[in-house]
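Residue-level listing of the chains:
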Amino acid sequence: MYERLHAHFGARDWWPGDSPFEIMVGAILTQNTNWKNVERAIDNLKRVGLLSLSAMSELSQDLLAEYIRPAGYYNIKAGRLRNFFHFINKEWDGDLDSFLQQPAAALREQLLSIKGIGPETADSMVLYAAGQPIFVVDAYTHRILIRHEIIDESFGYHEIQELFMDNLEEDTLLFNEYHALIVQVGKVYCKKSKPDCSHCPLAGLNGVERQQ
DNA sequence: CACCAGGCAAGTA
DNA sequence: TACTTGCATGGT
């Protein structure tokens, strides 16, 4: 699966961001949201020089919500961002780098304890901000594996994650590329209601031919 | 016009 | 435990 995807799409420059902090903010903003809208929100913050932990920590929730408005769910996400800032400031004295240098398991556990950060957001942060090898599972991953009859609907987030991590080298770059490629093939060929399996590089995988 | 996008939390059965 | 709903904008 990885080889087919990589041959078809090539390397992805995935999860752009100039800093771990920017990547983590993006990870919260992109929840159920198109990345282009997240970029508008992040650009708003950059334009006024507020894209830092110290600066954003000072903003009121309402003002923060205004800046991130284009990302949608702005009131909810402003609260979630503030929960995240509060944790780093309170538990790590605002030292994000030290926080990210912990082992992946400890990092993940603490991220999940923050209200507003679920499994996918936490794992995205561990992989793309901390650079540690953990596999990110998303809705596309779930849908693609079901359509190719590799799993059934009973598989949850953790089971899918184990499926990949038990069968792959623990390699940050591989996990980074793989997740990016899954999102790409999902966006282009494996949409919810308009799958285009005829040109999909995964057609015929696992012996399942050109299903609709 | 309808549907969806790089989810999560809270509420309900 | 397992669904369902609210959150909300911008693109296709």
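Got a minute to help me understand the environment of Leu59 in this structure?
Here Leu59 is to be found in the loop between helix 4 (53-58) and helix 5 (61-67). Here the alpha-carbon distance between Leu59 and Arg82, two residues 23 residues apart in the chain, equals 9.0 Å. In contact with Leu59, other than residues within four places in its own chain, are Leu50, Leu64, Tyr67 and Arg82.

Where do I start with the protein's contact with DNA strand B in this structure?
Around DNA strand B, 23 residues are found, and the nearest of them are Trp14, Trp15, Gly116, Gly118 and Ser193. Counting only atoms of DNA strand B within 4 Å of the protein, the fraction found in sugar and phosphate groups is 61%. Asn32 places a polar main-chain atom, nitrogen or oxygen, 3.0 Å from a phosphate oxygen of DNA strand B. In this structure, Pro119 approaches DNA strand B through a main-chain N or O atom, which is 3.4 Å from a phosphate oxygen. At the level of elements, helix 9 (119-129), helix 10 (139-147) and helix 12 (172-189) are the ones that each hand at least two residues to the surface near DNA strand B. Ranked by residue count, the leading element in the surface near DNA strand B is helix 9, at three residues. Looking at side-chain class alone, the surface near DNA strand B contains eight nonpolar, nine polar and six charged residues.

Explain the nonpolar core to me, please; I cannot follow it from the model alone.
Across soluble globular proteins, nonpolar side chains show a tendency to be buried alongside one another. Among the nonpolar cores identified, the biggest contains 64 residues, and Phe84 and Leu111 are the most heavily contacted of them. In this structure, Leu111 is in contact with Met24, Phe99, Ile117, Ala122, Met125 and Val126, ignoring residues within four places of it in sequence.

Sorry if this is basic, but what is going on with the packing of helix 10 against helix 12 here?
How two helices pack is summed up by the angle between their axes together with the distance between the axes. Two elements in contact, helix 10 and helix 12, have axes whose closest approach is 9 Å; the angle formed by their N-to-C orientations is 70°. It follows from the interaxial angle that helix 10 and helix 12 lie roughly perpendicular. By crossing handedness, the relation of helix 10 to helix 12 is classed as left-handed. Taking contact as the criterion, the partners of Tyr140, Thr141 and Ile144 in helix 10 are, on helix 12, Ile182, Val183, Val185, Gly186 and Lys187.

Would you explain the pattern of salt bridges in this entry?
If charged atoms from side chains of opposite charge come close, those side chains can pair. A full pass over the atoms with the stated rule returns four salt bridges. With its nearest N and O atoms 3.2 Å apart, the salt bridge here joins Glu66 to Arg69. Relative accessible area serves as the criterion here: at 40%, Arg69 is assigned to the partly exposed category. Close ionic contact of Arg108 with Asp123 constitutes a salt bridge, the shortest N to O distance being 2.6 Å. One end of the pair, Arg108, is in helix 8 (residues 104-112); the other, Asp123, is in helix 9, and 15 residues separate them in sequence. Residue Arg108 shares its accessibility class with Asp123, and that shared class is buried.

In this structure, what is going on with the protein's contact with DNA strand C? I would like to understand it.
Around DNA strand C, the structure places Asn32, Asn37, Arg40, Arg69, Pro70, Gly72, Tyr73, Tyr74, Asn75 and Ile76. In the model, a sugar or linking oxygen of DNA strand C is placed 3.2 Å from a nitrogen or oxygen of the Asn37 side chain. Ile76 is positioned with one of its backbone polar atoms (N or O) 3.0 Å from a phosphate oxygen of DNA strand C. Breaking the surface near DNA strand C down by element, the ones donating at least two residues are helix 3 (35-47) and helix 6 (74-92). Of the residues assigned to the surface near DNA strand C, the class counts are four nonpolar, four polar and two charged.

How should I be thinking about a negative patch on the surface in this particular structure?
Residues Asp152, Glu153, Glu159, Glu162 and Asp166 make up a contiguous surface patch of negative charge. Among the secondary structure elements, Asp152 is positioned in the loop between helix 10 and helix 11 (157-165). For Asp152, a relative accessible area of 37% translates into the label partly exposed.

Cut-offs applied
- Residues numbered from 1 in each chain as written.
- Chains lettered and ligands numbered in written order.
- Predicted model: local features only at pLDDT ≥ 70, side-chain atom pairs only at ≥ 80, totals over all residues.
- Heavy atoms only, no water.
- Helix = DSSP H or I, 4+ residues; strand = E, 2+ residues; numbered from the N terminus.
- Contact = heavy atoms within 4.5 Å.
- Near = heavy atom within 4 Å.
- Polar contact = N/O pair within 3.5 Å; in protein donor to acceptor, adjacent residues only side chain to side chain.
- Nonpolar A, V, L, I, M, F, W, Y, C, P; charged D, E, K, R; others polar.
- Core = buried A, V, L, I, M, F, W, Y, C linked by side-chain atoms within 4.5 Å.
- Buried < 20%, exposed > 50% of the residue type's maximum accessible area, 1.4 Å probe, protein only.
- Axes fitted to C-alpha atoms, helices over the stretch in contact; angles between N-to-C directions.
- Parallel < 35°, antiparallel > 145°, perpendicular 65-115°, else oblique.
- Left-handed = near helix turned anticlockwise from the far one by under 90°.
- Salt bridge = Lys/Arg side-chain N within 4 Å of Asp/Glu carboxyl O.
- Patch = residues over 30% accessible without salt bridge, like charges linked within 9 Å, V, L, I, M, F, W, Y side chains within 5 Å.
- Areas by Shrake-Rupley, 256 points an atom, 1.4 Å probe, with all protein chains shown as cover.
- Lys, Arg positive; Asp, Glu negative; His and termini not counted.
- Charge placed at Lys NZ, Arg CZ, Asp CG, Glu CD.

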